[in-house]
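As a plain string of letters, each chain reads:
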Amino acid sequence: MTILDGKKTSNDIKAEIAESVKEITANGSRPPHLAAVIVGDDGASLTYVGSKVRACKKVGFDSTLIKLSENISEQELLLKVKELNENDAIDGYIVQLPLPKHIDSQKILMAVDPDKDVDGFHPTNFGKMALNLPTFISATPYGIMELLDRYNVETSGKHTVVIGRSDIVGRPVSILMSRKSNPGNSTVTLAHSRTRNIKELTLQADIIISALGSPNFVTENMVKDGVVVVDVGITRAKDDSKKGYKIVGDVDYENVSKKSSFITPVPGGVGPMTIAMLLKNTLQAFLK
Ligand code: GUN
């Protein structure tokens, strides 16, 4: 069994990006600049955005964190988005999700300039991704593909079962795995909350990508020997630590790993890859 080490791989990628930044600034240019917008003060979202901003510093990017009140109106947020679209000093930006209920997330994401949409959430970029055209691929699915690529995991002709059909992970990764490319060329089943007898499907899977957010959902009796397991779950489970919680995935790692050929741990698997790929997209936005 090989652990798909997202921590190490993301550090490799960050080192490569830092090297590019050195070359850019040595030529007298300013470094790439990522901005992140966060609305409200949800603890988990603040943690994620904080990690993204810290990662920028680590590779030598400029970064701007824009914290907005929970009570901001949709109109005011749209104005902020317009301002960011027009600011030439910012190469790419993200609007952290989820947004408060009174704001229409789709409306906000549609307003982001696709050339600055380093999250790859704009329909133009999502469409290009589906058509195998150059674009920004969303950080989490991109991170999964990069991890499979760097560990030379064979995906061609394999049966991949994706669990969860979210716009951010399940659906895009199901498209990427079926694209005519490497990694890709996989036969994909996209399972979700209405899927019947999911075990019948997972038992046939060569590769399982679980993006559900349901601890211990994938158990030993649901997988075949030699399976490749990518666990995208990030659930905060209460514990006795100082923080008061630990992050757990969707997979019963201890038992499923015994049957796996490759498996991502949680934490230290897909999570750190997500941030590295966001930086990669930002570098790409700068170079355009
Ligand atoms: N919320 C959870 N994941 C993400 C992400 O990748 N990008 C943004 N903007 N919000 C998120």
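Let me sum up the structure you'll find in this document. In this text the structure is predicted, and so the values were computed from the model without any measurement.

## A short note on the overall build of the protein
Counting secondary structure elements, the protein contains 10 helices and 11 strands. A globule of 288 residues ought to have a C-alpha radius of gyration of about 19 Å, and the protein, at 19 Å, matches this closely. Dimensions of the protein, computed from C-alpha atoms along their principal axes, come out at roughly 50 × 45 × 40 Å. Taken over 288 residues, the protein has a buried fraction of 50%. Here the contacts in the protein between residues at least 6 apart in sequence split such that 71% fall between residues at least 24 apart. For the protein, the exposed surface amounts to about 13,800 Å²; the carbon and sulfur share of it is 50%. Separation of charge centres in the protein, based on 35 positive and 34 negative side chains, amounts to 2 Å.

## Concerning the pattern of salt bridges
For the coordinates displayed, the defined rule picks out 10 salt bridges. Linking Lys8 and Asp12 is a salt bridge whose minimum nitrogen-to-oxygen distance equals 2.8 Å. Highlighted residues: Lys8 and Asp12, both in helix H1 (residues 6-26), separated by four residues, approximately one helical turn. The class of Asp12 is partly exposed, set by a relative accessible area of 30%. Where Lys107 meets Glu74, a salt bridge forms, and the shortest distance between an N and an O atom there is 3.0 Å.

## Concerning the sheet that holds strand S3 (residues 62-68)
Pairing is parallel across the open sheet formed by three strands, whose spatial order is S3-S2-S4. Two strands bound the open sheet, and with one partner strand each, they are S3 and strand S4 (92-95). Adjacent strand axes in the sheet meet at a mean angle of 15 degrees, parallel and antiparallel pairs treated alike. Here strand S2 (residues 33-39) runs beside S3; their pairing, made up of seven bridges, is parallel. Bridging across to S3, Ile38 finds its partner in Lys67.

## With respect to unusual backbone geometry
Between Asn182 and the following residue, Pro183, the backbone shows a cis peptide bond with an omega angle of -5 degrees. By the secondary structure assignment, Pro183 is in the loop between helix H7 (170-178) and strand S6 (187-191). Going from Val266 to Pro267, the amide bond is cis rather than trans, its omega being -5 degrees. For Pro267, the position within the fold is in the loop between strand S11 (260-263) and helix H10 (270-287). Notably, Asn197 is not glycine yet its phi reads approximately 50 degrees, a positive angle. Tracing the chain through its elements places Asn197 in the loop between S6 and helix H8 (198-202). When its relative accessible area of 46% is taken as the criterion, Asn197 is described as partly exposed.

## Some thoughts on the sheet that holds strand S5 (residues 159-163)
Taken in spatial order, the six strands make up an open sheet running S1-S11-S8-S7-S5-S6, and their pairing is parallel. Each of the sheet's edge strands pairs with one partner strand only, and the pair in question is strand S1 (2-3) and S6. Pairing analysis gives five bridges linking S5 to S6, with the strands arranged parallel. Directly across from Val161, in S6, lies its bridge partner Thr189. Sheet strands in contact with H7 are S5, S6 and strand S7 (207-210), and its direction is about 170 degrees off that of S6.

About the thresholds
- Residues numbered from 1 in each chain as written.
- Predicted model: local features only at pLDDT ≥ 70, side-chain atom pairs only at ≥ 80, totals over all residues.
- Heavy atoms only, no water.
- Helix = DSSP H or I, 4+ residues; strand = E, 2+ residues; numbered from the N terminus.
- Rg over C-alpha atoms; globule rule 2.2 N^0.38 Å.
- Buried < 20%, exposed > 50% of the residue type's maximum accessible area, 1.4 Å probe, protein only.
- Contact = heavy atoms within 4.5 Å.
- Areas by Shrake-Rupley, 256 points an atom, 1.4 Å probe, with all protein chains shown as cover.
- Lys, Arg positive; Asp, Glu negative; His and termini not counted.
- Charge placed at Lys NZ, Arg CZ, Asp CG, Glu CD.
- Salt bridge = Lys/Arg side-chain N within 4 Å of Asp/Glu carboxyl O.
- Pairing = 2+ DSSP bridges.
- Axes fitted to C-alpha atoms, helices over the stretch in contact; angles between N-to-C directions.

Structural measurements only, silent on function.
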